[in-house]
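# Observations on the three-dimensional arrangement
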Amino acid sequence: MGVTRVNGTLPGPKGKELLERWHKYEADVVGFQAPVVWDHGRGVVVTDVDGNTFIDWTSGVLVTSVGHCHPHLVQAAQKASARLLNNYENASVERIEAAERLVKALPRHLDKCFFLSTGSEATEAAARLMKRKSGKYEILSFESGFHGRTTSAATMGGLPGPKKGYGPSLPGAIRVAFPNPYRDTLGFCDGDPEFKKYFAYLEYTIAANTTGSLGGVMVEPYQGTSGFIFPPKGWLKKLEEWTRRKGLLLAVDEVQASYGRTGKMWAIEHEDIKPDIITIGKAIGCGVPVSAVGATSEVFSCLSKGEMSSTLGGNPVASAAVCAVLDIYEKEKLVENSAKMGAYMLSKLKGMAEKCRYLGDVRGMGLVMGMEFVKDKGTKEPAPELIKPLIVDAANHGLLIGSVGFYGNVIRVGPPLVITQAEADESLAIMEGCLSRLKL
Ligand SMILES: Cc1ncc(COP(=O)(O)O)c(C=O)c1O
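Residues numbered from 1 in each chain as written. Predicted model: local features only at pLDDT ≥ 70, side-chain atom pairs only at ≥ 80, totals over all residues.

Attention now goes to the sheet that holds strand β11 (residues 359–365). Sheet architecture is open: 4 strands sit in the order β11-β12-β15-β14, paired in antiparallel fashion. At either end of the open sheet lies a strand with only one pairing partner, and these are β11 and β14 (402–404). Across the sheet, the mean angle from the axis of one strand to that of its neighbour is 30 degrees, orientation sign disregarded. Sheet analysis places strand β12 (residues 368–373) next to strand β15 (residues 410–413), joined by 4 bridges and oriented antiparallel. Each bridged residue has a counterpart across the sheet, and for Gly370 the counterpart in β15 is Arg412. (Pairing = 2+ DSSP bridges. Helix = DSSP H or I, 4+ residues; strand = E, 2+ residues; numbered from the N terminus. Axes fitted to C-alpha atoms, helices over the stretch in contact; angles between N-to-C directions.)

This brings us to the domain arrangement of the protein chain. Domain parsing of the protein chain yields domain 1 (13–62 + 334–437) and domain 2 (71–332). Computed from C-alpha coordinates alone, the two centres of domain 1 and domain 2 are separated by 25 Å. Each partner contributes to the interface: domain 1 provides 25 residues, whereas domain 2 provides 22 residues. A total of 5 residues in the side of domain 1 that touches domain 2 trace back to one element, the largest contributor, which is helix α11 (residues 334–355). Taken together, the residues of the side of domain 1 that touches domain 2 break down into 13 nonpolar, 7 polar and 5 charged. (Domains from an automatic or database assignment. Contact = placed C-beta atoms within 7 Å. Nonpolar A, V, L, I, M, F, W, Y, C, P; charged D, E, K, R; others polar.)

With that settled, the discussion passes to the pairing of strand β3 (residues 53–56). Strand direction decides the pairing type here: strand β2 (residues 45–48) and β3, joined by 3 bridges, are antiparallel. Across the sheet, residue Thr47 finds its bridge partner in β3, namely Thr53. The turn linking β2 back onto β3 is made up of 4 residues, and Gly51 within it adopts a positive phi angle of 85 degrees. Strand direction decides the pairing type here: β3 and strand β13 (residues 399–400), joined by 2 bridges, are parallel. Residue Asp56 lies in a different strand from β13, and its bridge partner there is Leu400.

Before going further, it helps to examine the packing of helix α12 (residues 387–396) against helix α13 (residues 421–437). Where α12 contacts α13, the axes come no closer than 10 Å and their chain directions differ by 135 degrees. Taken together, α12 and α13 sit at an angle that is classed as oblique. Our pair here, α12 against α13, has a crossing hand that is right-handed. Taking contact as the criterion, the partners of Leu390, Asp393 and Ala394 in α12 are, on α13, Ile430, Met431, Cys434 and Arg437. Classifying every residue of the contact of α12 with α13 gives 5 nonpolar, no polar and 2 charged. (Parallel < 35°, antiparallel > 145°, perpendicular 65-115°, else oblique. Left-handed = near helix turned anticlockwise from the far one by under 90°.)

In the vicinity of the ligand there are 15 residues, among which Thr118, Gly119, Ser120, Gly148 and Val255 approach most closely. A per-element tally of the shell around the ligand places helix α5 (residues 119–134) first, with 3 residues. Residues of the shell around the ligand, tallied by class, amount to 3 nonpolar, 10 polar and 2 charged. (Near = placed C-beta within 6 Å.)

Strand order in the open sheet made by the 4 strands is β1-β2-β3-β13, with mixed pairing throughout. Each end of this open sheet is capped by a strand with a single partner; those strands are β1 (38–42) and β13. Inspection of the sheet shows β1 paired to β2 by 4 bridges, in the antiparallel sense. Across the sheet, the residue bridging to His40 is Thr47, located in β2.

Compared with the 22 Å implied by 1.5 Å per residue over 16 residues, the 23 Å span of α5 between its first and last C-alpha is a close match. Burial analysis of α5 places 14 of its 16 residues in the buried class, which makes it a mostly covered element. Among the residues trailing α5, Gly135 stands out with phi positive, at a value near 75 degrees. (Expected span 1.5 Å × (residues − 1). Buried ≥ 20, exposed ≤ 12 C-beta atoms within 10 Å, placed from the backbone.)

The next thing to look at is unusual backbone geometry. Here the bond from Leu10 into Pro11 is cis, since omega is -5 degrees, no more than 30 degrees from zero. Relative to the elements of secondary structure, Pro11 occurs in the segment before α1 (13–25). Positioned with a positive phi, Leu62 is a non-glycine residue whose angle comes to about 60 degrees. For Leu62, the position within the fold is in helix α2 (residues 59–62). The buried category is assigned to Leu62, around which 24 C-beta atoms lie within 10 Å. Positive phi, close to 55 degrees, is recorded for Phe228, a residue that is not glycine.

Turning our eyes to something else, we now look at the packing of α11 against α13. With their axes 11 Å apart at the nearest point, α11 and α13 run at an angle of 20 degrees to one another. On the basis of their axis angle, the class for α11 and α13 is roughly parallel. Crossing handedness for the pair α11 and α13: right-handed. Contact residues: α11 offers Met341, Tyr344, Met345, Lys348 and Met352, while α13 offers Ala424, Leu428, Met431, Glu432 and Leu435. Here the residues of the contact of α11 with α13 sort into 8 nonpolar, no polar and 2 charged.

In this structure, Cys323 sits in helix α10 (residues 316–332). In sequence terms Cys323 and His68 are 255 residues apart; their C-alpha atoms lie 17 Å from each other.

Moving on: the pairing of strand β10 (residues 291–295). Summarising burial for β10: 5 of the 5 residues are buried, a large majority. Going residue by residue along β10, you find Ser291, Val293 and Ala295 tucked away on one face and Ala292 and Gly294 tucked away on the opposite face as well. Bridge count for strand β4 (residues 112–116) against β10 is 5 bridges, and the pairing is antiparallel. Across the sheet, the residue bridging to Cys113 is Gly294, located in β10. Pairing of strand β9 (residues 277–280) with β10, which is carried by 4 bridges, proceeds in the antiparallel orientation. When the bridges of β10 are listed, Ile280 appears paired with Ala292.

Encoded structure:
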């Protein structure tokens, strides 16, 4: 007996009524999701308002890494909220403890942090830090990257969604290609460990576009929103070396990649990268809104008092959540489970790709994986039209999945890091069934 149960076709009667009410009042402008009204969650299991139960491969959007409503986290947030809900720029015991705990958990060379509320706020802050520290205003970032929806974050990003129709991006952005092993149209993933072709292109593009004011580089360790594009091994290290040679600051956007998602606490650990700045979001609060920037004291010292601030950043509930999440990580060895269960699920999904004519590629690290759907494995023509039916079919069989991708043709696999072998097997069997029913 598994943990999933769906009665009839979704939405159920209560869910249907609630969805209609929702769309009457809140603008329906979010991405496509299965017609499920979430009621409560525990671990990897989400229950909807009609009592249907699902295994969640989304973790919200790579947020609830300790599992939904982990009792230790819930208790910590409840306890803090009963005493104080906001302290703005002032100290509180929770805030001080959260800063101390986070810095101890950061990669060793980073010795300071600052708390904010969202991932976009963190990437904006990183851009501001790079500009102030370098005294320059251009930032190099990557096509198909995603750093959030606020103006500076969207400018650094290279996806049409946050930009199209909104007029010119901010000046000072230089965007270059991100090497994509599955769609290597420019031949950057040709196996050369020095990536000579890539860096020649990089130099050329910068020379053609810079006004001479390049200050820093903003990069995701893998591109999540554009479809879980993992660059070839060694490329990030070479990029780091290149930034050092050029005297540029390096910021790595770990908003989604950190906290064990890739099988290491920080994704930069895979190649021993030492950026000047990292941005952290999502799993740092596992559902309680909190984000942070981590950097060296030297980098932070470029800001004078009052230059970085946030209405909600460092509030007691968020700060208590930071500590509780770290407690859970230490106690439950979630990073190790991510590496172990991730390798298991990846091998099973790769096996499914061999049998499914539309599943062109499966890739991942730890418990973050992408399943890219194509019309034809030879031409690799994207098949975004398969995604909605797949999301609905999966939900009707008890599995919650979401989609991403530059072409909208990638399913994201990112369950909470607490997933067990039995839950992995049950959810993989549901996915296998869905793939067998997939039709263009
Ligand atoms: C790498 C990365 N940076 C920044 C963000 C923006 O985070 P938020 O939606 O919390 O503003 C995201 C969100 O998906 C992300 O994946």
